[in-house]
Amino acid sequence: MGERFVSRGFFGRRRQPEQAGRIPPGQYLVDDWPVLSAGPTPRIRLDQWRFTIEGLVRQPVSWSWDEFLKLPSKTYLVDISCVTKWTKLDMKWQGVSVDTLFQAVSLDPRAAFVTAYSYGDYTTNLPIPDLLNDQAFIAYQQDEKPLTPEHGGPARLVVPHLYFWKSAKWIQGFRLEERERLGFWENLGYHRRGDPWKEERYSGD
Ligand SMILES: Nc1nc2c(c(=O)[nH]1)N[C@H]1C(S)=C(S)[C@@H](COP(=O)(O)O)O[C@H]1N2
Ligand SMILES: [Mo]
């Protein structure tokens, strides 16, 4: 009896048409929002926060918190999948498109990859095309509230179409690179790109 009740609830949820086709293979839905951090949560004072784009650019560019908040921002409603197998649908964020940030720099034609680096030393690698065309943004609000420190506040990268480890919390900057330099999890055996629809979980997948 208990079992029937549980399975009816389970299939009832799965049948909701707006969820069909939105859960990548091997993932399950969550309503809560787990915290996954490899180390302690850094606390960054807003008057000391900066976001910098450097490396293979003609001139490095850097924004203070006040300058960053003046950039045009957008609302994003996106589904997020973590390699630990949870998927959360319709997460609402406010942030600045990476396209907007790249408009402020001239990229060296050799630039092909980005190392996203964070306060607290986390890094993750991304091919530039995965950051373009409004696919990625620097978020400072979630559900209309300031992003909490545990979830990456004051600001984090969000790349919804890749596993969530690519969405660097406490983002500090982008370094443009000619060659791909593996980041924190990628160095520990996770996939260099991490597309949840292809189940690119580990290197070799
Ligand atoms: N700076 C930093 N960013 C990070 C991480 C981290 O440990 N440090 N963990 C990554 C991983 S593995 C995941 S799944 C998500 C978790 O974000 P959340 O804690 O907001 O759910 O952040 C990613 N970004
Ligand atoms: Mo993760």
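See the structure above.
Residues numbered from 1 in each chain as written. Chains lettered and ligands numbered in written order. Predicted model: local features only at pLDDT ≥ 70, side-chain atom pairs only at ≥ 80, totals over all residues. Heavy atoms only, no water.

> Even after reading the chapter, I still don't get the overall build of the protein, so can you show me in this structure?
The helix and strand tally for the protein stands at four helices and eleven strands. Relative to the 2.2 N^0.38 estimate, which gives 17 Å for 205 residues, the radius of gyration of the protein is 18 Å and therefore close to what a compact globule would have. The buried share of the protein, taken over its 205 residues, is 47%. For the protein, contacts bridging at least 24 residues in sequence account for 66% of all contacts bridging at least 6. Carbon and sulfur atoms provide 52% of the accessible area of the protein, an area that totals close to 11100 Å². Separation between the mean location of the 27 positive side-chain charges and that of the 26 negative ones in the protein comes to 3 Å. (Helix = DSSP H or I, 4+ residues; strand = E, 2+ residues; numbered from the N terminus. Rg over C-alpha atoms; globule rule 2.2 N^0.38 Å. Buried < 20%, exposed > 50% of the residue type's maximum accessible area, 1.4 Å probe, protein only. Contact = heavy atoms within 4.5 Å. Areas by Shrake-Rupley, 256 points an atom, 1.4 Å probe, with all protein chains shown as cover. Lys, Arg positive; Asp, Glu negative; His and termini not counted. Charge placed at Lys NZ, Arg CZ, Asp CG, Glu CD.)

> How should the environment of L107 be read in this particular structure?
The topology assignment puts L107 in the loop between α3 (98-102) and β6 (113-118). For L107 and E54, which are 53 residues apart along the polypeptide, the C-alpha to C-alpha distance reads 9.5 Å.

> Explain the site of ligand 1 here, please?
Every one of the 19 residues lining ligand 1 counts as a neighbour, but P34, A38, H151, R156 and K169 are closest to it. A distance of 3.0 Å separates an oxygen atom of ligand 1 from a polar atom in the side chain of W33. Here an oxygen atom of ligand 1 and a side-chain polar atom of K169 are 2.6 Å apart. Isolated, ligand 1 exposes 530 Å² of accessible area, and the fraction of that covered by the protein chains is 96%. Counted by class, the shell around ligand 1 contains 13 nonpolar, four polar and two charged residues. (Near = heavy atom within 4 Å. Polar contact = N/O pair within 3.5 Å; in protein donor to acceptor, adjacent residues only side chain to side chain. Nonpolar A, V, L, I, M, F, W, Y, C, P; charged D, E, K, R; others polar.)

> Help me understand the environment of F102 in this model?
Looking at where F102 falls in the secondary structure, it is placed in helix α3. For F102, a relative accessible area of 8% puts it in the buried group. Separated by 30 residues in sequence, F102 and L132 have C-alpha atoms that sit 8.9 Å apart. Discounting chain neighbours no more than four positions away, the residues touching F102 are I53, V114, I128, L131, L132, F174 and L176.

> Is there a simple way to explain the sheet that holds strand β2 (residues 50-55) in this structure?
The strands that make up a sheet pair up through hydrogen bonds in the backbone, lying either parallel or antiparallel. Ordered by their spatial adjacency, five strands build an open sheet running β3-β2-β11-β6-β7, and the pairing between neighbours is mixed. Each edge of the open sheet is held by one strand with a lone partner, namely β3 (61-64) and β7 (123-127). If you compare each strand with its neighbour and ignore which way they point, the axes differ by 15° on average. Sheet topology note: the β6/β7 ladder contains five bridges and is antiparallel. Across the sheet, the residue bridging to A116 is T124, located in β7. (Pairing = 2+ DSSP bridges. Axes fitted to C-alpha atoms, helices over the stretch in contact; angles between N-to-C directions.)

> Just to check I follow, could you spell out the pairing of strand β11 (residues 171-177) for this structure?
One face of the sheet, then the other: side chains in a regular strand alternate in exactly this way. In terms of residue burial, β11 counts as a mostly covered element, since five of its seven residues are buried. Relative to β11, β2 runs parallel, the two sharing four bridges. Following the sheet pairing, T52 is matched in β11 by G173. With six bridges joining them, β6 and β11 adopt antiparallel strand pairing. Paired with T115 across the bridge in β11 is R175.

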